[in-house]
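Structural characterization, general
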Amino acid sequence: MLIKGDVYQTLDLMQEIVTKTIHQTEKIAGVLEGNSIITTAENIWNFLYNHVQYKLDEPGVEQLRSPNRVWADRKTGVDCDCYSIFISSVLTNLNIPHSLRIAEYNRSGNFQHVYVVVPTKNREIIIDPVMEQFNTEKKFSKKYDKAMKIQHQFLNGFTPNVGMIPGYGEEYKIVLSGLGSISDKKTAAMKQ
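The structure displayed is predicted, hence computed values, not measured ones. The residue numbering used here restarts from 1 in each chain and proceeds along that chain's sequence as written. Residues qualify for local features only when their pLDDT is at least 70, as the model is predicted, and side-chain atom pairs are given and counted only at 80 or more; totals for whole chains, interfaces and linings, by contrast, use all residues. Side-chain numbers come from the whole structure's heavy atoms, not from hydrogens or water.

Thoughts on the pattern of salt bridges
What counts is decided by this rule: Counted as salt bridges are all cases of a side-chain nitrogen of Lys or Arg within 4 Å of a carboxyl oxygen of Asp or Glu. The helix count covers DSSP runs of H or I at least four residues long, the strand count covers runs of E at least two residues long, and both are numbered beginning at the N terminus. Each residue is placed in one exposure class: buried if its accessible area under a 1.4 Å probe, protein chains only, is under 20% of its type's maximum, exposed if it is over 50%, and partly exposed if it falls in between.
Applying the stated rule across the entire model yields nine salt bridges. Residue Asp 12 pairs with Lys 146 through a salt bridge whose shortest N-O separation is 3.0 Å. Of this pair, Asp 12 sits in helix 1 (residues 7-20) while Lys 146 is found in strand 4 (residues 142-148), placing the two residues 134 residues apart along the sequence. Look at Asp 12 and you get partly exposed, because its relative accessible area is 42%. Residue Lys 146 is classed as buried on the basis of its relative accessible area, which comes to 15%. Across the pair Asp 145 and Arg 101 runs a salt bridge, and its minimum N-O distance is 2.7 Å. Linking Asp 145 in strand 4 with Arg 101 in strand 1 (residues 98-104), this pair joins segments that are 44 residues apart in sequence. Assessed through its relative accessible area of 27%, Asp 145 is described here as partly exposed. On the accessibility criterion, Arg 101 (1% relative accessible area) is buried. Where salt bridges share partners, they join Arg 101, Glu 124, Glu 137, Lys 143 and Asp 145 into one cluster.

Printed below as a string of structure tokens:
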């Protein structure tokens, strides 16, 4: 995907990609989940560091990949924003709050790198597979953190057989019609 826009728009698009492709990391999230947040973060870092090659995008072109595409391109290489999308997707599936951090180095006036930061009580956990060690970050001159939203689902009501496989949900028709009749009897009793 060819992206035009500033770095903040790119962060918004990265969040949109995570939201739209969240299902792509459901299974691997369960495999990478550890018994603590730090263990989970290290598992994610190890997985990407050891299985997905790092490669810069072409100058002037920003390529953003879905997690499936990251895996497909693992041997030819992906860059930091693709790593970050994959990591954010896994963390979102595990309901672990995190941010995307963009960093500027040497007071260049431009953000040059993005990676994932997980806040904890004591300190931040850095997940950056570009670095050669887990939980380390290069000293920056400027940073900006974009908190990633954990997915929420709002479920309201139930309509049997609407958009369902024929026959599925038939058992609920009796319950739902029964609720209506209970309400009618209660209303009638209250009027007496």
